[in-house]
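Chain residues, written in single-letter form:
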Amino acid sequence: MNKLTQWFLKLSPLKIFLLLLLGIPIYIWFFSIIYQLDNKVNQNSSNLKFWIAGCLVIYPMIYMLYVLFTFSFFVPLMPFHLLAILCGFILMILTAKSYVNFEKKKGYSTRSVFEVFMMLWFYIICVWSLQRNLNTYVTEIPTQN
């Protein structure tokens, strides 16, 4: 899991932008941010956050694949669609909190959680600044406490 998330966060902003246009990789990008930054801040962290983030990633991906391959866009699927949207919002909130928490603990100048949330929501514009910072955060050598 560590190698996959590191590889995903070391990509150039252009490659991330092109991948995120597909839809499903955005959830993997969010999970990679949570996983890598939380591991860099606290090596002894609880796995509960990763399990929650994993479930929040898997459900929308399964839903998107189901809708894509069955072409079912009818009203009975609306509760499942709303649940997938809710999972995406919660995942963006967790990602924004992990990003801001990492920057605060490392002493970097940081944005508010709301600003990072809005940057994640409008990733088409903001992926350039976020991914550039993530590249440096993932490749930096962890400090010994």
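Structural data are supplied above this passage.
The rules we used
- Residues numbered from 1 in each chain as written.
- Predicted model: local features only at pLDDT ≥ 70, side-chain atom pairs only at ≥ 80, totals over all residues.
- Heavy atoms only, no water.
- Helix = DSSP H or I, 4+ residues; strand = E, 2+ residues; numbered from the N terminus.
- Buried < 20%, exposed > 50% of the residue type's maximum accessible area, 1.4 Å probe, protein only.
- Areas by Shrake-Rupley, 256 points an atom, 1.4 Å probe, with all protein chains shown as cover.
- Core = buried A, V, L, I, M, F, W, Y, C linked by side-chain atoms within 4.5 Å.
- Contact = heavy atoms within 4.5 Å.
- Polar contact = N/O pair within 3.5 Å; in protein donor to acceptor, adjacent residues only side chain to side chain.

A. Examining the overall build of the chain more closely. Counting its secondary structure elements, the chain contains seven helices and zero strands. Its helices and strands taken in sequence order, the chain reads α-α-α-α-α-α-α from the N to the C terminus. For the chain, buried positions account for 42% of its 145 residues. In the structure as shown, the chain presents an accessible area of about 8800 Å², 71% of it carried by carbon and sulfur atoms.

B. Region of the structure containing the nonpolar core. Ranked by internal contacts, the top residues of the largest apolar core, which has 37 residues, are Trp 29, Phe 30, Leu 37, Leu 91, Tyr 99, Leu 120 and Leu 134. Elements represented by at least two residues in this core include exactly helix H1 (2-9), helix H2 (13-20), helix H3 (25-41), helix H4 (48-70), helix H5 (78-106), helix H6 (113-121) and helix H7 (123-139). Take this core: its biggest share by element is nine residues, from H3. Excluding residues that lie within four positions of it along the chain, Leu 120 makes contacts with Trp 29, Phe 30, Met 92, Thr 95, Ala 96 and Leu 130.

C. Molecular detail of the side chain of Ser 98. Mapped onto the fold, Ser 98 is located in helix H5. Look at Ser 98 and you get buried, because its relative accessible area is 1%. Among the polar contacts listed, one links the side chain of Ser 98 to the side chain of Asp 38, at a separation of 3.3 Å. Apart from the residues within four sequence positions on either side, Ser 98 is in contact with Ile 34, Leu 37, Asp 38 and Lys 49.

Shape descriptors only; they carry no functional weight alone.
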